[in-house]
Amino acid sequence: IRLPAGRLSITATAEAERSSADSSTRGANPFDLHLGRTRTEAGLAIDIPLTSRHEKVLPFLGDLSASASVRERYVSAFGGLRDSTFGLNWTPIVGVQLLGTLKQSAAAPDIAAQSTPLTTYPNASVFDYASGRTEIVTVTRGGNANLAAEDRTVRSAGLTIKPWAKREWRLSVNYEETTIHNQTGTVSALTPRTEAALPGMFVRDGAGRLSSVTYRPINFDKEWLSNLNIQLSASGQLAQLKPPGPGAPVIRTVPSYFGGLTLNFK
């Protein structure tokens, strides 16, 4: 669709998927689990130019565009899940670009994390941080069919500076902040704080000694991450060749260079 500041683009997608997992064991610890999952989703993405120097639409603001996308997903046993992304791309002057993005997404846990059979291992050595001793316990490992869907929010901002149009010199600064709810993971450290938060995964006898431990995937309430990345890169030729004179078959090579410096803070 043609707008005063440029072309508006719209992209639509549709997907469907069916997956299943069957897990069973026989013997001392019989286990039988059959899981099936159906996923259907549809998405819509739009990119809207707002200002443009080339098209002379508010040229004093430079080039500014907005983008948005939404994906609606239905996953059996989890219901409706949604992904959404909103972004702004601004080039106030030639050689300087600013980008801001807000992304929210939801994802069902991996089906293997739900369907792995429960297996018991007797006489396993485990270090108990509470007592400072290594205990001989019964360890149970396996999946967790009751895992919840994960929610993730990502906020990012980026700046790219290319001071010379004919030289490949760039400075990029990107900051990203991520908040995750209900992330899936397995707790393996047997600290007193872990035991207090997950009492059902640790069993002690009457004397207070550890007797059994369970390692299964669980949902973590919240995780927060931040990352700052600064990158300086340069590439090009060290000299410019002049064409050889007539009748002089001279072969010359021009050395090139490429370099970069990256700083990453988390």
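Provided above is the structure to which this section pertains.
Below is a short write-up of the structure. This one's a predicted model, so the numbers in the text were calculated from it and none came from an experiment.

### Quick word on the overall build of the protein
Then step 1. Along the protein, the regular secondary structure elements total two helices and 15 strands.
Then step 2. Whereas a compact globule of 266 residues would reach a radius of gyration of roughly 18 Å, the protein reaches 28 Å, over 25% beyond that.
Then step 3. Along the three orthogonal principal directions, the C-alpha set of the protein runs to about 95 × 50 × 40 Å.
Then step 4. Considering the protein as a whole, with its 266 residues, one finds that 26% of them fall into the buried category.
Then step 5. Contacts in the protein between residues at least 24 apart in sequence constitute 62% of all its contacts with a sequence separation of at least 6.
Then step 6. Total accessible area computed for the protein in this model is approximately 17,100 Å², and 57% of it derives from carbon and sulfur atoms.
Then step 7. Here the protein holds 28 positive side-chain charges and 22 negative ones, and the gap between their average locations is 10 Å.

### Observations regarding the pattern of salt bridges
Then step 1. In total, this model carries 17 salt bridges according to the counting rule given.
Then step 2. Measuring nitrogen to oxygen at the nearest pair gives 2.5 Å for the salt bridge that ties R39 to E41. E41 carries the same exposure label as R39, and that label is buried.
Then step 3. Here D63 ties to R53 by a salt bridge, and the two come within 3.4 Å at their closest N and O atoms. Residue D63 is located in strand β5 (residues 63-75), and its partner R53 is located in the loop between β4 (31-51) and β5; the two are separated by ten residues in the primary sequence.
Then step 4. Looking at R53, the relative accessible area reads 26%, which means it is partly exposed.

### Digging into the pairing of strand β13 (residues 210-215)
Every regular strand shows the same layout, with side chains that alternate between the two sheet faces.
Then step 1. Judged from the four bridges that link them, strand β9 (residues 133-141) and β13 form a sheet pairing that is parallel. Counterpart to T140 in the pairing with β13 is T214.
Then step 2. Hairpin connection between strand β12 (residues 202-204) and β13: a loop of five residues separates the two successive antiparallel strands, and G208 in this loop has a positive phi of roughly 85 degrees.

### What about the side chain of T178?
Then step 1. On the secondary structure map, T178 appears in strand β11 (residues 168-185).
Then step 2. Overall, the relative accessible area of 7% leaves T178 in the buried class.
Then step 3. For T178, the contacting residues outside a window of four places in its chain are R152, T153, V154, E223, W224 and L225.

### What about the packing of aromatic side chains?
Ring pairs (aromatic) are described by centroid distance and by the angle formed between their planes.
Then step 1. According to the stated counting rule, one finds two aromatic pairs in the structure shown.
Then step 2. Here F127 and Y129 contribute two aromatic rings whose centre-to-centre distance is 5.1 Å and whose plane-to-plane angle is 85 degrees, an arrangement assigned as edge-to-face.
Then step 3. Relative accessible area serves as the criterion here: at 39%, F127 is assigned to the partly exposed category.
Then step 4. According to the relative accessible area criterion, Y129 is partly exposed, its value standing at 49%.
Then step 5. Plain terms: the ring middles of W164 and W169 are 5.4 Å apart, the flat faces sit at 90 degrees to each other, and that makes the pair edge-to-face.
Then step 6. W169 gets classed as partly exposed once you look at its relative accessible area, which sits at 34%.

### Re the side chain of S76
Then step 1. Within the secondary structure, S76 sits in the loop between β5 and β6 (79-91).
Then step 2. S76 gets classed as buried once you look at its relative accessible area, which sits at 18%.
Then step 3. In this structure the side chain of S76 is engaged in a polar contact, spanning 2.9 Å, whose partner is the backbone nitrogen of T38.

### Here we look at the pairing of β9
Then step 1. Note that strand β8 (residues 119-128) and β9 share eight bridges and pair antiparallel. Looking across to β9, one finds that F127 is bridged to T134.
Then step 2. The turn linking β8 back onto β9 is made up of four residues, and G132 within it adopts a positive phi angle of 75 degrees.

### Observations concerning unusual backbone geometry
Then step 1. Phi angles above zero are rare outside glycine, and K56 is one such case at about 60 degrees.
Then step 2. Classification of K56 as exposed rests on a relative accessible area of 67%.
Then step 3. The phi angle at N123 is positive, at roughly 55 degrees, despite the residue not being glycine.
Then step 4. Note that N123 resides in strand β8.
Then step 5. Overall, N123 belongs to the exposed group, its relative accessible area being 65%.

Calculation criteria
Residues numbered from 1 in each chain as written. Predicted model: local features only at pLDDT ≥ 70, side-chain atom pairs only at ≥ 80, totals over all residues. Heavy atoms only, no water. Helix = DSSP H or I, 4+ residues; strand = E, 2+ residues; numbered from the N terminus. Rg over C-alpha atoms; globule rule 2.2 N^0.38 Å. Buried < 20%, exposed > 50% of the residue type's maximum accessible area, 1.4 Å probe, protein only. Contact = heavy atoms within 4.5 Å. Areas by Shrake-Rupley, 256 points an atom, 1.4 Å probe, with all protein chains shown as cover. Lys, Arg positive; Asp, Glu negative; His and termini not counted. Charge placed at Lys NZ, Arg CZ, Asp CG, Glu CD. Salt bridge = Lys/Arg side-chain N within 4 Å of Asp/Glu carboxyl O. Pairing = 2+ DSSP bridges. Phe/Tyr/Trp six-rings, centres within 6.5 Å; stacked < 30°, edge-to-face > 60°. Polar contact = N/O pair within 3.5 Å; in protein donor to acceptor, adjacent residues only side chain to side chain.

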